Amino acid sequence: MDVLVKYSLPELENFVESLGEMKFRARQLYSWIYSKSARDFDKMTDVKKDFREMLKARAVILDTKIKKKQVSSDGTIKYLIEYSDGNCAETVLMRFDNRSNLSACVSSQVGCHMGCDFCATAKRGFVRNLEPYEIISQILTIQQDTGLKITNVVFMGQGEPLNNYDNVFSAIKRINEDLNIGIRRITISTCGIADKIKKMCENTLVPTLAISLHCPDSALRRQIMPVENRFPLDTLKDSLKYYCDKTGKRVTLEYILIGNLTDTKEMAQKLCDYIKDLKCNINLIPYNPICEGRYKKSAKKDTMAFKYLLESQGKKVTIRLERGADIDAACGQLAGRE
């Protein structure tokens with residue numbers, strides 16, 4: 001069976017012509033798939049019936065299925081999506097009461113091999129990369145299921161996006177073109193693959209960059225984030241400055257506050273020293289416990305003290321709203337469990 005979401009518009013035109021139909025039928029299909037989030041061919045009311053029947057025999061829109069769906073008390077929805085080979089990845093719909101934006105948090109890999117000690121995905125290990133259409137399928141699944149239009153995409157689900165570089169940037173191009181989501185509304189979150197950060201700056205479409213920094217001390221970061229062994233903080237900072245200079249954009253530094261470990265005044269001061277000559281915003285993330293973990297959440301007073309010290313450096317500092325923690329959909333909790 002042909003999977004239509006695999007195809008770009010020119011490829012869809014070739015497919016339609018191979019069935020003996022005119023090219024304009026491809027644009028009809030394209031509109032139903034990407035603009036109207038059609039689940040099946042019977043919904044395509046302006047496509048002639050005999051062609052719809054032919055499509056049902058020859059093709060599917062997506063080759064994925066929702067294996068499990070969980071809805072948080074705050075409205076966050078987490079989907080466990082099963083691919084055709086039986087592997088599963090998670091995607092999350094995040095919405096906020098006072099905002100019109102609807103964000104899809106997508107996975108770029110099944111599992112992850114970066115080994116961050118506080119992350120549930122890392123405990124699963126790496127299985128495989130996701131193909132561009134498998135990434136796009138996550139967004140279409142959300143839209144088909146909810147009837148809502150995704151406005152923002154963040155690569156903050158399972159996996160390290162820059163370790164699946166070619167597939168991720170092919171997906172970004174199609175998210176921009178097919179789903180009509182502007183590049184400023186697409187964010188890549190990486191734990192710091194410095195050479196790929198520089199590489200992405202050469203692309204025509206350069207997404208917003210978020211860095212999972214989480215610790216400003218090289219020795220401690222090496223213990224909890226093995227990426228520090230390959231791309232130490234100084235090397236990472238050089239790539240971030242390159243990104244800012246090349247694109248004119250600010251980078252967002254994501255920082256998990258782990259109680260009595262990364263939330264101390266000493267760490268706050270080291271972070272201040274690290275960012276003083278960097279164009280950045282800081283997003284503080286309350287640690288979300290995982291069942292296998294040995295870390296604890298930062299106390300509220302320590303969180304606020306940490307934030308105050310950073311703000312004294314003239315930086316914009318936010319504390320991430322906790323979304324979906326009751327369904328293990330929050331930062332660091334995606335493990336693909338059933």
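Look a little higher up for the structure.
Residues numbered from 1 in each chain as written. Predicted model: local features only at pLDDT ≥ 70, side-chain atom pairs only at ≥ 80, totals over all residues. Heavy atoms only, no water.

### Re the packing of aromatic side chains
How two aromatic rings sit relative to each other is set out by the distance from centre to centre and by the angle between their planes. If you walk through the whole model with that rule in mind, you get 5 aromatic pairs. Centre to centre, the rings of Tyr30 and Tyr34 are 5.0 Å apart; their planes meet at 55°, and the pair counts as tilted. Of this pair, Tyr30 and Tyr34 both sit in helix 2 (residues 24-35), 4 residues apart, roughly one helical turn. On the basis of relative accessible area, Tyr30 is assigned to the buried category, the value being 15%. (Phe/Tyr/Trp six-rings, centres within 6.5 Å; stacked < 30°, edge-to-face > 60°. Helix = DSSP H or I, 4+ residues; strand = E, 2+ residues; numbered from the N terminus. Buried < 20%, exposed > 50% of the residue type's maximum accessible area, 1.4 Å probe, protein only.)

### Brief notes about the pattern of salt bridges
Under the counting rule described, the total for this entry stands at 23 salt bridges. Salt-bridge contacts for Arg39 lead to Asp145; the nearest nitrogen and oxygen are separated by 3.8 Å. In this pair, Arg39 is assigned in the loop between helix 2 and helix 3 (49-58) and Asp145 in helix 5 (residues 132-146), connecting sequence segments 106 residues apart. Using a relative accessible area of 23% as the deciding quantity, one classes Asp145 as partly exposed. Notably, a salt bridge pairs Arg128 with Glu134, separated by 3.0 Å at the nearest N-O pair. Residues participating in the shared-partner salt-bridge network are Glu21, Arg25 and Lys48. (Salt bridge = Lys/Arg side-chain N within 4 Å of Asp/Glu carboxyl O.)

### Some words on helix 5
In this model helix 5 runs 22 Å from its N-terminal to its C-terminal C-alpha over 15 residues, within 8% of the 21 Å that 1.5 Å per residue would give. Of all 15 residues in helix 5, 13 are buried; the element is thus mostly enclosed. Directly after helix 5, the chain includes Gly147, whose backbone phi takes a positive value near 75°. (Expected span 1.5 Å × (residues − 1).)

### Details of the sheet that holds strand 12 (residues 251-257)
With mixed pairing, 10 strands are arranged side by side in an open sheet as 3-4-5-6-9-10-11-12-13-14. This sheet does not close on itself; its edge strands, each paired only once, are strand 3 (65-71) and strand 14 (316-319). With direction set aside, neighbouring strand axes in the sheet form an average angle of 20°. Here 6 bridges tie strand 4 (residues 77-82) to strand 5 (residues 88-95), and the two strands are oriented antiparallel to one another. (Pairing = 2+ DSSP bridges. Axes fitted to C-alpha atoms, helices over the stretch in contact; angles between N-to-C directions.)

### Some remarks on the pairing of strand 6 (residues 102-105)
Neither face of strand 6 is open: one carries Leu102 and Ala104, the other Ser103 and Cys105, and all of them are buried. Examined bridge by bridge, strand 5 and strand 6 share 4 bridges and lie antiparallel to one another. The residue bridging Leu93 from the neighbouring strand is Ala104, located in strand 6. Pairing geometry for strand 6 and strand 9 (residues 152-155), over 3 bridges, is parallel. Of the residues in strand 9, the one forming a bridge with Ser103 is Asn152.

### Here we look at the packing of helix 5 against helix 6 (residues 165-177)
Closest axis-to-axis distance for the helix 5/helix 6 pair is 8 Å, and the angle between their directions is 45°. On the basis of the axis angle, helix 5 is oblique to helix 6. Where helix 5 crosses over helix 6, the two elements pack in a sense that is right-handed. In contact with Pro132, Tyr133, Ile135, Ile136 and Ile139 of helix 5, helix 6 contributes Asn167, Val168, Ser170, Ala171, Arg174 and Ile175. Taken together, the residues of the contact of helix 5 with helix 6 break down into 8 nonpolar, 2 polar and 1 charged. (Parallel < 35°, antiparallel > 145°, perpendicular 65-115°, else oblique. Left-handed = near helix turned anticlockwise from the far one by under 90°. Contact = heavy atoms within 4.5 Å. Nonpolar A, V, L, I, M, F, W, Y, C, P; charged D, E, K, R; others polar.)

### Observations regarding the packing of helix 11 (residues 265-275) against helix 12 (residues 300-311)
Interaxial distance between helix 11 and helix 12 falls to 9 Å at its minimum, and their mutual angle equals 25°. For the element pair helix 11 / helix 12, the angle class is roughly parallel. Handedness of the helix 11/helix 12 crossing: right-handed. Contact residues: Lys265, Met267, Ala268, Leu271, Cys272 and Ile275 in helix 11; Phe306, Leu309 and Leu310 in helix 12. For the contact of helix 11 with helix 12, the residue count by class is 8 nonpolar, no polar and 1 charged.

### Some details on unusual backbone geometry
Although it is not a glycine, Asn180 adopts a positive phi angle of roughly 55°. Among the structural elements, Asn180 can be located in the loop between helix 6 and strand 10 (186-190). The class of Asn180 is exposed, set by a relative accessible area of 67%. Positive phi, normally seen in glycine, also occurs at Asn260, with a value near 60°. Inspection of the secondary structure assignment puts Asn260 in the loop between strand 12 and helix 11.

### Brief notes about the side chain of Glu13
Summarising the element assignment, Glu13 is placed in helix 1 (residues 9-18). The side chain of Glu13 is buried and forms no salt bridge, while Lys23, the nearest opposite charge, is found at 4.3 Å. Those residues within four positions of Glu13 in sequence are excluded, and the remaining contacts are Lys23 and Ala26. (Lys, Arg positive; Asp, Glu negative; His and termini not counted.)

### Some details on the environment of Gln138
Mapped onto the elements, Gln138 comes out in helix 5. Looking at Gln138, the relative accessible area reads 1%, which means it is buried. Counting along the chain gives 19 residues from Gln138 to Cys119, while the straight-line C-alpha distance between them is 21 Å. In this structure, Gln138 is in contact with Ile81, Tyr83, Glu90, Thr91, Val106, Ser107 and Leu130, ignoring residues within four places of it in sequence.

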